[in-house]
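The chain contents come next:
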Amino acid sequence: MMGSVFRNNLKRMLKEGKKTAGAWVQIASPFTAEILSQAGFDWLLIDMEHGPGDILTLISQLQAMKGSDASALVRAPWNDFVIIKRILDTGVHGVLVPYVNTKEEVETAVRACRYPREGIRGVAGSPRAQGYGQNVMDYLRRANEEILLITAVESREAVSNLDEILEVPELDGVFIGPMDLSTNMGHMGNADHSEVKEAIVTVERKVLEAGKVLSTISGSWEQAEQLYERGYQMVTLMADGISLGRLAATKLAQFREVYR
């Protein structure tokens, strides 16, 4: 961090057309962040929308990731420039902004992520991102171009406005949230409903035609392979809490089958 060049390796991989592997960090633990980053994931998505973490737990997770090659991304709680400013000042490489439904809302997120005159992000040399004052000018010069901005398509409105959303040049990519999208469309958590599947196919096609990055979650390796083949470059292959819960349930089921 201190004296180092602020560089987003993930953004370069995506521009080269490479497929990348990510993992959710949702239980606000520096230990899972450390384990997953050391495992070799290209990026970790730290969840501050549905996860219990705050800025201090975020910093502890970033400290645990230090020394790994994993890029740190954060799902922000909301499209709010104060929240996004505080997240970026921790030194993360990018943000996923939830529930973005219009071109104007994308432009709001862009302004929050960029220093003037391209945006309204507050300028300071003291935060962690700037090496606590020891790496100020390198960060300030590079941050606007290095920060990865992805917005989520999670509603019928966002699907309807997608053409205009994709017109924003500073938007790097789109994350499809299948649970939110299906529920918003009136099919509670059912991403396999024909109407939802049709909407997702439409989003996929338009995002790829616009030259943007396509991102989502996967529930299995088989599903992840299918997503990569459809053009996705960013897929979460696991989540710390969910994966641990599933493993625990599997092990207990095996035990009970034999000994109970």
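Residues numbered from 1 in each chain as written. Predicted model: local features only at pLDDT ≥ 70, side-chain atom pairs only at ≥ 80, totals over all residues. Heavy atoms only, no water.

Peer 1: Give a detailed account of unusual backbone geometry, specifying residues and quantitative values.
Peer 2: Note: most residues except glycine have negative phi, and most peptide bonds are trans. The residue after P116, namely R117, is reached through a cis peptide bond having omega 10 degrees. As for its placement among the helices and strands, R117 is situated in the loop between α5 (103-113) and α6 (136-146). Phi is positive for A28, which is not a glycine, with a value near 60 degrees. Tracing the sequence through the fold places A28 in the loop between β1 (20-25) and α2 (30-39). For A28, a relative accessible area of 18% gives the class buried. (Helix = DSSP H or I, 4+ residues; strand = E, 2+ residues; numbered from the N terminus. Buried < 20%, exposed > 50% of the residue type's maximum accessible area, 1.4 Å probe, protein only.)

Peer 1: Any chance you could break down the side chain of S37 for me, citing the residues and the numbers?
Peer 2: Within the secondary structure, S37 is located in helix α2. Since its relative accessible area comes to 4%, S37 is described here as buried. Of note is the side chain of S37, whose polar atom sits 3.0 Å from the backbone oxygen of E34. (Polar contact = N/O pair within 3.5 Å; in protein donor to acceptor, adjacent residues only side chain to side chain.)

Peer 1: Report on the pairing of strand β2 (residues 43-47), specifying residues and quantitative values.
Peer 2: A large share of β2 lies buried, amounting to 5 of its 5 residues. On β2, burial covers both faces: W43, L45 and D47 on one face and L44 and I46 on the other are all buried. Relative to β2, β1 is paired through 4 bridges, and the arrangement is parallel. If you follow W24 over to β2, its bridge partner there is L45. On the question of chirality, the crossover connecting β1 to the parallel β2 by way of α2 is right-handed. As defined by bridge partners, β2 adjoins strand β3 (residues 71-75) across 5 bridges and the pair is classed as parallel. Within the sheet, the bridge partner assigned to L44 lies in β3 and is A72. (Pairing = 2+ DSSP bridges. Right-handed = clockwise from strand over helix to strand, strands pointing away.)

Peer 1: Describe the pattern of salt bridges, listing the residues and the values that go with them.
Peer 2: Under the counting rule described, the total for this entry stands at 14 salt bridges. Residues D163 and K206 are paired through a salt bridge, measuring 3.3 Å at the closest nitrogen-oxygen approach. Here D163, found in helix α8 (residues 162-165), pairs with K206, found in helix α10 (residues 194-209); they are 43 residues apart in sequence, far enough to count as distant. By relative accessible area, D163 is classed as partly exposed at 39%. Overall, the relative accessible area of 18% leaves K206 in the buried class. Each of R12, R142 and E146 takes part in one network of salt bridges that share partners. (Salt bridge = Lys/Arg side-chain N within 4 Å of Asp/Glu carboxyl O.)

Peer 1: Quick rundown of the packing of aromatic side chains? Include the residues and the values.
Peer 2: What the rule picks out here adds up to 5 aromatic pairs. With centroids separated by 6.1 Å and ring planes inclined at 90 degrees, the aromatic side chains of W24 and F175 adopt a geometry described as edge-to-face. One end of the pair, W24, is in strand β1; the other, F175, is in strand β6 (residues 173-176), with 151 residues separating them in the sequence. Side by side, W24 and F175 carry an identical accessibility label, which is buried. (Phe/Tyr/Trp six-rings, centres within 6.5 Å; stacked < 30°, edge-to-face > 60°.)

Peer 1: If you had to explain the packing of α2 against helix α3 (residues 55-65) to someone new, which residues and values would you point to?
Peer 2: Packed helices, taken two at a time, are described by the angle between their axes plus the distance between the axes. Here α2 crosses α3 at 30 degrees, and the two axes come no closer than 8 Å. Considering the angle they form, α2 stands roughly parallel to α3. Of the two elements, α2 crosses α3, and the hand of that crossing is right-handed. Counted together, P30, A33, E34 and S37 of α2 and S60, Q61, A64 and M65 of α3 form the full contact between these two elements. Across the contact of α2 with α3, the residue classes break down as 4 nonpolar, 3 polar and 1 charged. (Axes fitted to C-alpha atoms, helices over the stretch in contact; angles between N-to-C directions. Parallel < 35°, antiparallel > 145°, perpendicular 65-115°, else oblique. Left-handed = near helix turned anticlockwise from the far one by under 90°. Contact = heavy atoms within 4.5 Å. Nonpolar A, V, L, I, M, F, W, Y, C, P; charged D, E, K, R; others polar.)

Peer 1: Mind laying out the nonpolar core, listing which residues take part and the relevant values?
Peer 2: Soluble, globular proteins show a tendency: their nonpolar side chains are buried together. In this structure, L44, L58, M65, I87, L149 and V203 are the most contacted members of the largest nonpolar core, which totals 60 residues. Aside from chain neighbours lying at most four places away, what touches V203 is V153, V159, L162, V174 and I176. One finds L14, W24, L45 and M234 within the second-largest nonpolar core, a separate group that totals 14 residues. (Core = buried A, V, L, I, M, F, W, Y, C linked by side-chain atoms within 4.5 Å.)

Peer 1: Outline the sheet that holds strand β7 (residues 213-217), supporting the account with residue identities and numerical values.
Peer 2: The sheet built from 8 strands closes into a barrel, its strands ordered β1-β2-β3-β4-β5-β6-β7-β8 with parallel pairing. Direction aside, the axes of adjacent strands within the sheet are offset by 25 degrees on average. Sheet topology places β6 next to β7; 3 bridges connect them, and they run parallel. Bridging across to β7, V174 finds its partner in L214. Across the sheet, α5 lies against β4 (94-97) and β5 (148-153), angled at about 155 degrees from β5, the strand it touches most.

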